[in-house]
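# Coordinate analysis (summary)
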Amino acid sequence: MPMLIFHGFGQDNRVFESWVQTLEQEFRLYVFDLYFHGQSTWPLRRPMEKSDWKLILTQFLQQEKIESFAVAGFSLGAKFALAAVESFPEKIKKVILLAPDGIKTSLWYNLATYPIAIRYLFKSMVLKPGRFFTLAQFLQRVGLVNKGLLRFAESQMDTEEKRRRVYYSWVYFRHLKFGNPSIAAILNHHRIPLLMLVGKFDKVIPAKNMEGLLNRLHQKQVEIIEAGHNDLVKAAVKFIR
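Residues numbered from 1 in each chain as written. Predicted model: local features only at pLDDT ≥ 70, side-chain atom pairs only at ≥ 80, totals over all residues. Heavy atoms only, no water.

### Examining the overall build of the chain
- In terms of helices and strands, the chain carries 11 helices and six strands.
- Buried positions account for 51% of the 241 residues belonging to the chain.
- Within the chain, contacts between residues separated by at least 24 positions form 76% of all contacts whose residues are at least 6 apart in sequence.
- Accessible area of the chain: about 12300 Å², with a carbon and sulfur share of 52%. (Helix = DSSP H or I, 4+ residues; strand = E, 2+ residues; numbered from the N terminus. Buried < 20%, exposed > 50% of the residue type's maximum accessible area, 1.4 Å probe, protein only. Contact = heavy atoms within 4.5 Å. Areas by Shrake-Rupley, 256 points an atom, 1.4 Å probe, with all protein chains shown as cover.)

Spelled out as structure tokens, the structure:
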């Protein structure tokens, strides 16, 4: 069965090399570079819309002659997987989500991407990271951001190239939003099974964030893996069937 796979923030398709090596007998894997990552660039000077993604995938599925498929997404890549679910529920046979972004949207994500004045402020902090780190450390001290998430943010903001990728990804992908009731309704109506894989030690996207979706699903399998956020993909491969 074909499987479309989307990596997380700051990665590229190579993060799924262990999947390709392990699962090549069971699946025909297509591992994408997200826009602003790897070799992919977003050509338009506006945010991506769900209709854009549907058109892109329609052309890809026609080109590869794919009639049905599984879809998998890790972290940020889960937004692209969920957009595929919304666009092609009749074609999707299984959904695999690994520490998915988009199930529970944080207040800080909304502040960074929606109100235009705050968005300009956020852009200035991305370009002048001293402001960002000062704010992030303050939020950590008052308990609004945990230490693990702060370390992850620091690792993704330590060069100008990385900081621009943060800004472009958050702003250009901001319309890829999903409601748990609507996603659950699609999965339940089309009887699409969901495999949810989360890391026991993940401080970036913790397991508790998944409850709003999981509590609504009829067909689900949940695996809590002895892993953090960054090593979840490799640790999860043994659960893929």
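### Remarks on the packing of helix 3 (residues 77-87) against helix 9 (residues 180-189)
- Two elements in contact, helix 3 and helix 9, have axes separated by 10 Å at closest approach and are oriented at 55 degrees. Between helix 3 and helix 9, the angle falls in the class oblique. Once helix 3 is placed against helix 9, the crossing between them reads as left-handed. Contacts from Leu82, Val85 and Glu86 of helix 3 reach helix 9 at Ser182, Ile183, Ile186 and Leu187.
- Partitioned by chemical class, the residues of the contact of helix 3 with helix 9 number five nonpolar, one polar and one charged. (Axes fitted to C-alpha atoms, helices over the stretch in contact; angles between N-to-C directions. Parallel < 35°, antiparallel > 145°, perpendicular 65-115°, else oblique. Left-handed = near helix turned anticlockwise from the far one by under 90°. Nonpolar A, V, L, I, M, F, W, Y, C, P; charged D, E, K, R; others polar.)

### Things to note about helix 6 (residues 129-141)
- Counted at 1.5 Å a residue, the expected span for helix 6 with its 13 residues is 18 Å, and the 18 Å between its end C-alpha atoms agrees.
- The complete set of buried residues in helix 6 reads Pro129, Phe132, Ala136 and Leu139. Buried positions in helix 6, seen along its axis, are confined to an arc of 85 degrees and lie on one side of it. Turned more than 90 degrees off the buried face of helix 6, the exposed positions are Thr134 and Arg141. (Expected span 1.5 Å × (residues − 1). Arc of directions from axis to C-beta.)

### Observations concerning the pattern of salt bridges
- Scanning the entire structure with this criterion turns up five salt bridges.
- In this structure, Lys91 engages Glu67 in a salt bridge whose closest nitrogen and oxygen atoms are separated by 4.0 Å. Here the residue Lys91 occupies a position in the loop between helix 3 and strand 4 (92-98), and Glu67 occupies one in the loop between helix 2 (50-64) and strand 3 (69-74), the gap between them amounting to 24 residues.
- According to the relative accessible area criterion, Glu67 is exposed, its value standing at 60%. (Salt bridge = Lys/Arg side-chain N within 4 Å of Asp/Glu carboxyl O.)

### Focus: the packing of aromatic side chains
- If you walk through the whole model with that rule in mind, you get 14 aromatic pairs.
- With 5.8 Å between their ring centres and 45 degrees between their planes, Phe36 and Phe173 make a pair best called tilted. In this pair, Phe36 is assigned in the loop between strand 2 (28-32) and helix 2 and Phe173 in the loop between helix 8 (160-172) and helix 9, connecting sequence segments 137 residues apart.
- For Phe173, a relative accessible area of 1% translates into the label buried.
- For the ring pair Tyr168 and Tyr172, a centre distance of 6.0 Å and an interplane angle of 75 degrees mean the geometry is edge-to-face. (Phe/Tyr/Trp six-rings, centres within 6.5 Å; stacked < 30°, edge-to-face > 60°.)

### Re the environment of Ala78
- Inspection of the secondary structure assignment puts Ala78 in helix 3.
- On the basis of relative accessible area, Ala78 is assigned to the buried category, the value being 0%.
- Residues Ala78 and Ala99 lie 21 residues apart in sequence; the distance between their C-alpha atoms is 8.2 Å.

### With respect to the sheet that holds strand 3
- Taken together, six strands build an open sheet; the order of strands is 2-1-3-4-5-6 and the sheet is parallel. Whereas interior strands pair on both sides, the edge strands pair on one side only; in this sheet they are strand 2 and strand 6 (220-225). When strand polarity is set aside, the average angle formed by the axes of neighbouring strands in this sheet is 15 degrees.
- As paired elements, strand 1 (residues 2-6) and strand 3 share four bridges and run parallel to each other. When the sheet's bridge partners are listed, Phe6 is paired in strand 3 with Gly73.
- Across the sheet, helix 3 touches strand 1, strand 3 and strand 4, and the angle it forms with strand 3 is around 150 degrees. (Pairing = 2+ DSSP bridges.)

### Section: the pairing of strand 5 (residues 194-199)
- Within strand 5, six of the six residues are buried, which leaves it mostly tucked inside the rest of the structure.
- Burial of strand 5 is two-sided: the residues Leu194, Met196 and Val198 facing one way and the residues Leu195, Leu197 and Gly199 facing the other way are all buried.
- As defined by bridge partners, strand 4 adjoins strand 5 across four bridges and the pair is classed as parallel. Looking at strand 5, one finds that Val95 is bridged to Leu194.
- The pairing of strand 5 with strand 6 spans six bridges and is parallel. By the bridge assignment for strand 6, Gly199 is matched with Ile225.

By themselves these figures say nothing about function.
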